[in-house]
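Residue-level structure breakdown
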Amino acid sequence: MDDELYIVNSRILPEIFSKVLEVKTLIHTGKVKDISEGVKAVGISRSAYYKYKDHVFLLSEGSKGRKATFSFLISHEAGVLSRILEKLRESKANIITINQDIPINNAASVNLTVDTSEMSMSVKELLDSFDQEEYIINVQLVAVE
């Protein structure tokens, strides 16, 4: 089944999804020091947290622009990051942050946060287009705000 992104009212979802979001919020705000402490605080297992953490996000409806954070594992070749940035420019995404780690075993980790409010395609379409590129080993949507 293809990955599709939905906006769903939390009232109809199993409680585990809201608990995972609660752990993510506790970690992000510094109210807990790590995942173990967070899952204990909300009463879920670490395995349940890890099962859903990359697939459940809060949607901030009151924000002026929408932001999406992507995590890439890219081939360590000249021009790869430029090609990703060009694809973002073509989709009219505005880059907010870029974080790149040093390459290990000919692959580099890159995290990009972009403003998606003016994009000419959906976040899902952009994610799918990145997934088709041979120079991208892996790409994941980390968060949407």
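Heads up: these notes are all about the structure in this document. (Residues numbered from 1 in each chain as written. Predicted model: local features only at pLDDT ≥ 70, side-chain atom pairs only at ≥ 80, totals over all residues. Heavy atoms only, no water.)

**Quick look at the side chain of lysine 87**
Mapped onto the fold, lysine 87 is located in helix H4 (residues 80–90). Apart from residues lying up to four places away in sequence, lysine 87 is in contact with Leu126, Ser129, Phe130, Glu133 and Tyr135. (Helix = DSSP H or I, 4+ residues; strand = E, 2+ residues; numbered from the N terminus. Contact = heavy atoms within 4.5 Å.)

**What about H4?**
Of all the positions in H4, only Val80, Ile84, Lys87 and Leu88 are classed as buried. Seen from one end, H4 has its buried residues packed into an arc of 100°, which puts them on one side. Exposed and facing more than 90 degrees away from the buried side of H4 are Arg89 and Glu90. On its buried face, H4 sits against strand S1 (67–75), strand S2 (94–100), strand S3 (107–115), helix H5 (123–131) and strand S4 (136–144). In the stretch just after H4, lysine 92 is the one whose phi turns positive, near 65°. (Buried < 20%, exposed > 50% of the residue type's maximum accessible area, 1.4 Å probe, protein only. Arc of directions from axis to C-beta.)

**Notes on unusual backbone geometry**
Residues other than glycine seldom take positive phi values, yet lysine 92 does so here, at roughly 65°. Here lysine 92 shows up in the loop between H4 and S2.

**Some words on the environment of threonine 69**
Within the secondary structure, threonine 69 is located in strand S1. For threonine 69 and isoleucine 95, which are 26 residues apart along the polypeptide, the C-alpha to C-alpha distance reads 10.0 Å. In this view, threonine 69 contacts Leu112, Thr113, Gln140, Leu141, Val142 and Ala143; residues no more than four positions away in its chain are not counted.

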